[in-house]
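Below are the chains, spelled out letter by letter.
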Amino acid sequence: MDLSHPCPVERRYTPAERLCHTTGAVLVVSGLAHLVVFALDGGPWNGPVSWRKPVTFGLSFGLTLMALTWVTSYIRVGARLRNVLLVVFAADCVLEVGGITLQAWRKVPSHLDMETAFDTAVSLSLAVGGGVLVVLLTVFAVASLRTRPGGCTGMPLAVRAGFAVLLVALASGAAMIARGVVLTRSGHQEAAYHSTAALKPLHGVSLHAVLVLPALAWLMSRTSWQDRTQERVMYGAVAAYTVAVLTAGAWAAVTY
């Protein structure tokens, strides 16, 4: 697969890519629809039981799925392997958003809820799904760091930096789950629900670097800016994103 094309060039999507983009769009629509449900039904926005979770998870997983489908086209990995990983990732995104949405409609927490056998099964499936996401995204991250990605000026740096920051999101997400499980197992259920608050800003900020930075590279490729200017802007954007992640990390360290 030739990855040396400039960013604006249109190309034909594979069936796997079309499936992932469609699935991502459906998840985004689901998140927006639940924002309407929240406006009509009301209730708290924060807390373990709220309409916030299907809204934010639907939007976040949908955007991330579409971003990964696009961004991984610049990574030097076998086409068949990439398609398999993307389809599994799409299925896992549906599992995560579906489980969270189901529990929101049932008015019970989606994560760390061991009150009934069914709730335990949902919580464990979400935890296992989270583990699968970590493995899949780590494979893409390692591939991007091992071999220089293709694309227009600034895209290789954007992809590599985006995946490097994404690893921070994965680590913070794993830390939230681990701490919550420990508290739940030790009988501190309520504390488990609130134990993730400190890491949420770090997780949220670092999760979408893989979309924001490549999108910036793509936008710059459609301008008349010189390559050196585009590279300087991208280095500045990576530096700014790094500061944002470090700030969120410092906040998490102080309040964790």
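The coordinates are above.
So, how was this worked out
- Residues numbered from 1 in each chain as written.
- Predicted model: local features only at pLDDT ≥ 70, side-chain atom pairs only at ≥ 80, totals over all residues.
- Heavy atoms only, no water.
- Helix = DSSP H or I, 4+ residues; strand = E, 2+ residues; numbered from the N terminus.
- Buried < 20%, exposed > 50% of the residue type's maximum accessible area, 1.4 Å probe, protein only.
- Contact = heavy atoms within 4.5 Å.
- Areas by Shrake-Rupley, 256 points an atom, 1.4 Å probe, with all protein chains shown as cover.
- Patch = residues over 30% accessible without salt bridge, like charges linked within 9 Å, V, L, I, M, F, W, Y side chains within 5 Å.
- Salt bridge = Lys/Arg side-chain N within 4 Å of Asp/Glu carboxyl O.
- Core = buried A, V, L, I, M, F, W, Y, C linked by side-chain atoms within 4.5 Å.
- Axes fitted to C-alpha atoms, helices over the stretch in contact; angles between N-to-C directions.
- Parallel < 35°, antiparallel > 145°, perpendicular 65-115°, else oblique.
- Left-handed = near helix turned anticlockwise from the far one by under 90°.
- Nonpolar A, V, L, I, M, F, W, Y, C, P; charged D, E, K, R; others polar.
- Phe/Tyr/Trp six-rings, centres within 6.5 Å; stacked < 30°, edge-to-face > 60°.

(A) Summary view of the overall build of the protein. Across its full length, the protein holds 9 helices and 0 strands. The order of helices and strands in the protein, counted from the N terminus, is α-α-α-α-α-α-α-α-α. Taking all 256 residues of the protein together, the buried fraction comes to 44%. In the protein, 73% of the contacts between residues at least 6 apart in sequence involve partners at least 24 apart. By element, 69% of the accessible surface of the protein is carried by carbon and sulfur atoms, the whole surface being about 12500 Å².

(B) The arrangement of unusual backbone geometry in detail. One non-glycine residue, Lys-107, lies in the positive phi region at around 65 degrees. Within the fold, Lys-107 resides in the loop between α3 (79–105) and α4 (117–146).

(C) How the structure looks around a nonpolar patch on the surface. A surface patch of nonpolar side chains, about 300 Å² in accessible area, is lined by Val-84, Val-88, Val-128 and Val-132. Put simply, the parts of the chain that give the nonpolar patch at least two residues each are α3 and α4. For Val-88, the location among the structural elements is in helix α3.

(D) Up close: the nonpolar core. Grouped together as the largest cluster of nonpolar side chains are 47 residues, with contacts concentrated most on Phe-89, Phe-163 and Leu-213. Secondary-structure elements contributing two or more residues to this core are α1 (15–41), α2 (52–71), α3, α4, α5 (155–185), α7 (200–207), α8 (209–221) and α9 (227–255).

(E) Structural view of the packing of α3 against α4. The contact between α3 and α4 brings their axes to 9 Å, and the two run at 150 degrees. Accordingly, the angle class assigned to the pair α3 and α4 is roughly antiparallel. The interaxial crossing formed by α3 with α4 has left-handed handedness. Residue composition of the contact of α3 with α4, by class: 16 nonpolar, 5 polar and 4 charged.

(F) Spotlight on the packing of aromatic side chains. Enumeration over the complete set of coordinates arrives at 4 aromatic pairs. Between the aromatic rings of Phe-57 and Phe-61, the centroid separation amounts to 6.0 Å while the plane-to-plane angle is 20 degrees, which identifies the pairing as stacked. With Phe-57 and Phe-61 both in helix α2 and 4 residues apart, this pair spans about one turn of that helix. Among the residues examined, Phe-57 registers a relative accessible area of 23% and is labelled partly exposed. Taking the relative accessible area as the measure of exposure, Phe-61 reaches 14% and is therefore buried.

(G) View of the side chain of Thr-23. Relative to the helices and strands, Thr-23 resides in helix α1. Assessed through its relative accessible area of 16%, Thr-23 is described here as buried. Leave out the neighbours within four places in its chain, and Thr-23 touches Leu-65, Ala-90 and Val-94.

Scope: geometric values only; no functional claims are made or implied.
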